[in-house]
Amino acid sequence: MKMRRIIIEWMGMLVAAGMVSAAEANLLANGGFETTGRLAAKRLEAMIKNGMTLDGEDPLLPMRWWWSSNGPVDMRLAPDAHSGKQALKIACPKGVLDMQMAVIEVVPGATYSFGGWAKGKGVGKVAVLGNAYEGARELAKVDLAINPEWTESRGQVTIPGNIRTVTISLAVWKAEPALADDLFFSADLAAPFDADAAMTAKYAKDAHTLLYVDFDGQNNAYRLQAGARITDDKGGRFGKGVRMEKANASSVAIPLSLKEMPPEGTLEFWLAPDDDPEHIYSYMDLLAGISLS
Ligand SMILES: [Ca+2]
């Protein structure tokens, strides 16, 4: 029987960001393509079958982005960067690559800037898609200026009242090749905000954190069930994690006692499936009950 193994690490995080005028902060995580990961073999195979070529058999690819291709497309990370150490390099004289970053929370009525930097030869656009109940809808777009030197393209969008999340799309075609870097979807925030920090730095508990388990030591904070086990020091995103077996329906129970529930909050954790995703699973639930003791 095929085993599904997953490693999760809990990460609680609450970000409070005031919308008063201050510094422009990029809300797009990994817009600079600096954080990378690897894909499961089955997804790689599907991409190659669909006409994509990549940087070797097990390429490093940008985390958090989702993409689709139409026709022959070569996509890889290249050291010719606008900032940081690498940019996205796209070669597709006869194909189209559409990169998407989904589910960015927005405030209805607020105005955001968006765009990115490009270089090389090709045609492209950056679009903001509103995730409406009836489906995705393009709210704004800007043509990507792709020139021999790094050039910024920038637009603005005001969020309609029925939109709570947006998807940012970067589409490139006729690229021979084109480089893209530092994609952004920005707001003016009162306090500095680093969207990349959630990926690159371990979460630290703060005054808003109700529960935080990193599996690095607090043995009494959770119960391992049905074959779940703690990994070694490198098994989690940062330090240890917990490994669960699909065949056993393993789980981890983390009790939380509160005098009253807060009006809102988030559940966050790192997940690293190390085999091929076959279905949609529920990975984390918040279950409410009444304690009798
Ligand atoms: Ca970069």
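Residues numbered from 1 in each chain as written. Predicted model: local features only at pLDDT ≥ 70, side-chain atom pairs only at ≥ 80, totals over all residues.

1. Side note on the overall build of the chain
Each helix and strand in the chain was counted, giving two helices and 18 strands. For the chain, with 293 residues in total, the buried portion stands at 27%. Across the chain, contacts joining residues at least 24 apart in sequence account for 74% of those joining residues at least 6 apart. (Helix = DSSP H or I, 4+ residues; strand = E, 2+ residues; numbered from the N terminus. Buried ≥ 20, exposed ≤ 12 C-beta atoms within 10 Å, placed from the backbone. Contact = placed C-beta atoms within 7 Å.)

2. Some words on the confidence of the model for the chain
Looking at the chain as a whole, the pLDDT averages 87, with 88% of positions reaching at least 70. Within the model, the stretch residues 1–21 combines pLDDT values under 50 with 69 contacts to residues more than four positions away or in other chains. (pLDDT = per-residue confidence, 0-100.)

3. Details of helix H1 (residues 41–49)
What sets the pattern is the α-helix's 3.6 residues per turn: residues three or four places apart point alike. With zero of its nine residues buried, H1 lies for the most part at the surface. Glycine 51 sits one or two residues past H1 and shows a positive phi near 105 degrees.

4. With respect to the nonpolar core
Ile90, Ile168, Val172 and Ala180 are the most contacted members of the largest nonpolar core, which has 44 residues in total. Where this core is concerned, the elements lending two or more residues are strand E7 (73–78), strand E8 (87–105), strand E9 (111–120), strand E10 (123–132), strand E11 (135–144) and strand E13 (165–189). Among the elements that take part in this core, E13 stands out by supplying twelve residues, more than any other. Counting residues in each nonpolar core, the second largest holds five residues, with Phe215, Ala228, Met244 and Val252 among its members. (Core = buried A, V, L, I, M, F, W, Y, C linked by C-beta atoms within 7 Å.)

5. Considerations on the pairing of E13
Side-chain direction in a regular strand flips from residue to residue, so the side chains alternate between the two faces of the sheet. Relative to E13, strand E2 (residues 23–26) runs antiparallel, the two sharing four bridges. Along E13, the bridge assignment pairs asparagine 26 with serine 186. Relative to E13, E9 runs antiparallel, the two being bridged by seven bridges. Considered in E13, the bridge of lysine 119 is made with leucine 179. Two strands pair when backbone bridges link them, and E10 and E13 are joined in this way by eight bridges, in the antiparallel orientation. Residue pairing in the sheet places alanine 127 in a bridge with serine 169 of E13. (Pairing = 2+ DSSP bridges.)

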